[in-house]
Structures are given as structure tokens and as C-alpha cells.
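Report on the structure
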Amino acid sequence: MRLRNIRGSREKIAGSQYVIHEEEQRAGTWQEIFGNDHPIHIEIGMGKGKFLMEMAKEHSAINYVGIEKYSSVLLRALEKMEQEETPLSNLYFIRMDAEQIGKVFDKEEVDRIYLNFSDPWPKDRHAKRRLTSKEFLARYDQILKVGGQVEFKTDNRLLFDFSLESVKEAGWNLKAFTYDLHHDPELMKGNIMTEYEERFSALGNPIHKLIADREKN
Ligand code: SAM
């Protein structure tokens, strides 16, 4: 998702209390930032932030961090946060490319990573950019706790099959998967729909989901 460039979006982001800025983006400081030692769950490529905002409201004892590459998209999430009557103290956003994720989280600092409707990058030569590629799994391996999970949802069958392979090749454990999440009562428990999930399931597209955890070492 890339929205039209919005004038002043960088300045608005720079002034937002809901965004962790570059100078604060240091691995190992999240307990300080949140003021507690609750588990940290992140969404990479969060778009306009609906999923994380609903998760943060439902799970107040989990700390959430939303990562989004584009200012124009992050701005939409900030606008939504500003409309909340009670500010959510367990959710922050960062504008960054997830390639740099290792600079922002320390080894084993993260308990769970959500990837929702990640960009498919259909050309083979761009496979490394897919957020479920073995290159990205290696980055997640650095920051996830032992037993920490990646949860991935998409309606894109090619990307999903690529991701199942990639998880296997990287030596991660595939804990569960389905090609039709919305008809899978077990995996649907507690499911929060993302913006893209609402849009694509309304078109009748089945939603695929996998849950994987890293090999213990
Ligand atoms: N997760 C949302 C949902 O399910 O509704 C948005 C899905 S949208 C297709 C993918 C989002 O991931 C876009 O907002 C895009 O800018 C962001 N994104 C893609 N690659 C990224 C990266 N390397 N780092 C951070 N964000 C990224």
C-alpha cells in the first residue's frame, strides 16, 4: 500500500506522541518506553493500523509496536489514534523499512510478529523483499524469543505457498496452517480482521494463515 504523498506528513509524524522516533529507536529499550515488562508483539507492514489498535484494546497486558514503511500510510494510523477517547498506552508506531528491524529490537526482545497481507513482490528477482522470505526470517530469528511466533495472513495463494516453503527451508516449526481461515473454527478464535482482510474476504477470497515458531537453540 502506498498512498499519495501527503504534504506535511513527515512533520506530523515527527511531532506525534504515538511514534517512536529515530533517536529513541534503540534495541533493548522497549521496557523503558512502555514502562513495564509485558510481552512485545509487533506487526510489520501494519498499513493504517486497524488490526493493532483493536488488538491493543483487547489485550492490555501486551505491548504492541506497529511498523510501517511509508509516512503517508502511517499518518492514517495516527489520525485514527487521535480519535480514540482514551489513548492506548500499549501501542506505539515506527516509520521504517523492516530490513532494519535488528537495530530497533534486541536479541529475543520480541514475543510475536504479525505479518498481515504483506506485499507479494511477484517477480522472482524481488523474492528477498517478501516479508516471509528466508532473508526476513533470519532477521526475525535475531529478535524473537525462543518459542516466539510469526503469524502470517494473506489471500495470495502464491505468496502463501512460497511462505510455507520458506518457513520449512529456514528450519522453523510450522505449528498450524489453513487455506481457509474464516471456516477454521480453531484458528479463527480471537481473529481480528485487518483492513485488507475485510476487503478481500468481502470479495469472497479465502484467507490463508500460518503460524510458525523458530527452532530452539
Ligand atoms: N497489514 C495491513 C492490512 O492487512 O490491512 C496492510 C497491508 S498492505 C498490503 C502492506 C503494508 O506493508 C503497506 O502499508 C506497506 O507500505 C507495508 N510494507 C511493505 N514492505 C514493508 C517493509 N519492508 N517495512 C515496513 N513496512 C512495509
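About the cut-offs
- Residues numbered from 1 in each chain as written.
- Predicted model: local features only at pLDDT ≥ 70, side-chain atom pairs only at ≥ 80, totals over all residues.
- Heavy atoms only, no water.
- Phe/Tyr/Trp six-rings, centres within 6.5 Å; stacked < 30°, edge-to-face > 60°.
- Helix = DSSP H or I, 4+ residues; strand = E, 2+ residues; numbered from the N terminus.
- Lys NZ or Arg CZ within 6 Å of the ring centre and 35° of its normal.
- 1 Å grid on protein atoms, 1.4 Å probe; cavity = no way out; pocket = protein on both sides within 12 Å on 5 of 7 lines; lining within 4 Å.
- Points joined across faces, edges and corners; volume = space filled by probe spheres on them.
- Nonpolar A, V, L, I, M, F, W, Y, C, P; charged D, E, K, R; others polar.

Considerations on the packing of aromatic side chains
According to the stated counting rule, one finds 10 aromatic pairs in the structure shown. Pairing F136 with Y140 gives two aromatic rings, centres 6.1 Å apart and planes at 40°, and the pair type is tilted. Taken as a pair, F136 and Y140 lie in helix α6 (residues 134-143) at a separation of four residues, close to a single helical turn. Sitting over the ring of F136, R139 keeps its end group 4.4 Å from the ring centre. Positioned above the aromatic ring of Y196 is the side chain of R199, whose terminal nitrogen or guanidinium carbon lies 4.6 Å from the ring centre.

Examining empty space enclosed by the protein
Going through the model one piece at a time under the given rule, you end up with one cavity of 30 Å³ or more. Considering only enclosed or pocket space, the largest cavity measures out at about 40 Å³ in volume. Around the largest cavity, the lining residues are L115, T132, L137, V150, F152, S163, V167 and L210. Those elements that place two or more of their residues in the lining of the largest cavity are β5 (144-154) and α7 (157-169). The residue makeup of the lining of the largest cavity, split by class, is six nonpolar, two polar and no charged.

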